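# Examination of the molecular architecture
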Amino acid sequence: MYNNEGSYLIWSDEDSGAYQPFGGLEEPLTTILDWKYSWFTLDPFLTAVDKREGTHRLKGRFYSNSTTYPDTTGSSWLTNLDYRYLKRFFKTVNVSTGFSGYYFNVKDGNLGTHRGLLAGVYFQVDKEFFNRLVLNLGGRVEFFDTDSLTGAGTPIFKAGLNYQAGSNSFIRASFGQGYRFPSFVERYSNTNVGALAIYPNDTLKAEYGYNAEIGYKYTLTDGGWKGYLDAALYFTEYFDMTEFVFGPWGGPPPGGLGFRTINLSRARMMGLELTAS
């Protein structure tokens, strides 16, 4: 596939300049980035069932691209492999486990030359009780080996339940942890978008956090019509959350203005969500 496009990061202003690029359309002040790129993907997969009724699923991907910016060029490729094993035990227990990972190689005038491997192993168990209650428990550990960092991520876990309280009502609760290693674009991108710059941050740390939710769902039926009402309370907390922030990262104004991905010390989100359909 081949594409030729332009994009911009910020509006001219929030009123009459909404949806218009900051700095106008002409050089040298425009913040429009014109770029051309082509990419190719190959996605082989295989599904097999063994003699013990276990299901094996293997998915792969090869991806490569070539990009031309106004001031430089770049190319990259990555390979991805995901294996998953699923099996049902005692008619009420479902087990899934596997691993996933990808290797990448990047050579770019704005990003530099980088290569690395990111991989993880995971498991999940689902158990049904009394045809009304379903419990699940799972975990994952990730590993990373790049040209500047090597290590293992903190193990993360998740758990949840879904209980059918009545013929039309369901109660659910869940808790899950999350972990994300920063991308090489967030760590190494060093380029200009017209008058603005995007600055690298090779000290960027992985973000991690957790989410908890409790909800209630009630289904409505009337002849051929069906709908539902749903209410959910949620709480999410992140540590070292990454944020793409505008500021004078290259020096005091008026020079040095641009964007950089940084870690925030802590972030919390909580609320009530109501849905009717």
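Everything discussed here concerns the structure shown above.
Here we summarise the structure given alongside this text. (Residues numbered from 1 in each chain as written. Predicted model: local features only at pLDDT ≥ 70, side-chain atom pairs only at ≥ 80, totals over all residues. Heavy atoms only, no water.)

For the rest of this paragraph, the subject is the side chain of T261. Along the chain, T261 falls in strand β16 (residues 258-276). Discounting chain neighbours no more than four positions away, the residues touching T261 are E186, N201, L204, T242, E243 and F244. (Helix = DSSP H or I, 4+ residues; strand = E, 2+ residues; numbered from the N terminus. Contact = heavy atoms within 4.5 Å.)

On to the pattern of salt bridges, then. Throughout the structure, instances matching the rule amount to nine salt bridges. Among the salt bridges present, the one from R61 reaches D43, with a minimum N-O distance of 2.5 Å. You can see R61 sitting in strand β4 (residues 55-68) and its partner D43 sitting in the loop between β2 (33-42) and β3 (45-49), a full 18 residues away along the chain. The exposure class of R61 is partly exposed, given its relative accessible area of 39%. Here E237 and R268 are joined by a salt bridge, their closest N and O atoms 2.9 Å apart. (Salt bridge = Lys/Arg side-chain N within 4 Å of Asp/Glu carboxyl O. Buried < 20%, exposed > 50% of the residue type's maximum accessible area, 1.4 Å probe, protein only.)

Mapped onto the secondary structure, S96 falls in strand β6 (residues 93-108). For the pair S96 and F123, spaced 27 residues apart in sequence, the C-alpha separation works out to 5.7 Å. Setting aside residues no more than four positions away along its own chain, S96 makes contact with R84, Y85, L86, Y122, F123 and Q124.

Unusually for a residue other than glycine, F90 sits at a positive phi of about 55°. Inspection of the secondary structure puts F90 in the loop between β5 (73-89) and β6.

Under the criterion given, the structure shown has 13 aromatic pairs. Between F89 and F90 the ring centres are 6.5 Å apart and the planes differ by 45°, which places this aromatic pair in the tilted class. Relative accessible area serves as the criterion here: at 32%, F89 is assigned to the partly exposed category. For F90, a relative accessible area of 73% gives the class exposed. Ring geometry for Y102 and F104: centres 6.2 Å apart, planes at 45°, overall tilted. Given a relative accessible area of 6%, F104 falls into the buried group. Taken together, the ring pairs in this structure connect F62, W77 and Y103 into an aromatic cluster. The lysine or arginine in question, K87, covers the ring of F89, its NZ or CZ lying 5.3 Å from the ring centre. Cation over ring: K127 sits above F129, and NZ or CZ is 5.1 Å from the ring centre. (Phe/Tyr/Trp six-rings, centres within 6.5 Å; stacked < 30°, edge-to-face > 60°. Lys NZ or Arg CZ within 6 Å of the ring centre and 35° of its normal.)

What follows concerns the nonpolar core. The biggest cluster of nonpolar side chains holds nine residues, and these are F104, V106, L111, L118, F144, I156, Y179, F181 and A206. With near-sequence residues (within four places) excluded, I156 lies in contact with G138, G139, R140, Q177, G178 and Y179. (Core = buried A, V, L, I, M, F, W, Y, C linked by side-chain atoms within 4.5 Å.)

All right, on to the environment of Y188 then. Inspection of the secondary structure assignment puts Y188 in helix α1 (residues 184-188). One polar contact links Y188 to R187, side chain to side chain, over a distance of 3.5 Å. (Polar contact = N/O pair within 3.5 Å; in protein donor to acceptor, adjacent residues only side chain to side chain.)

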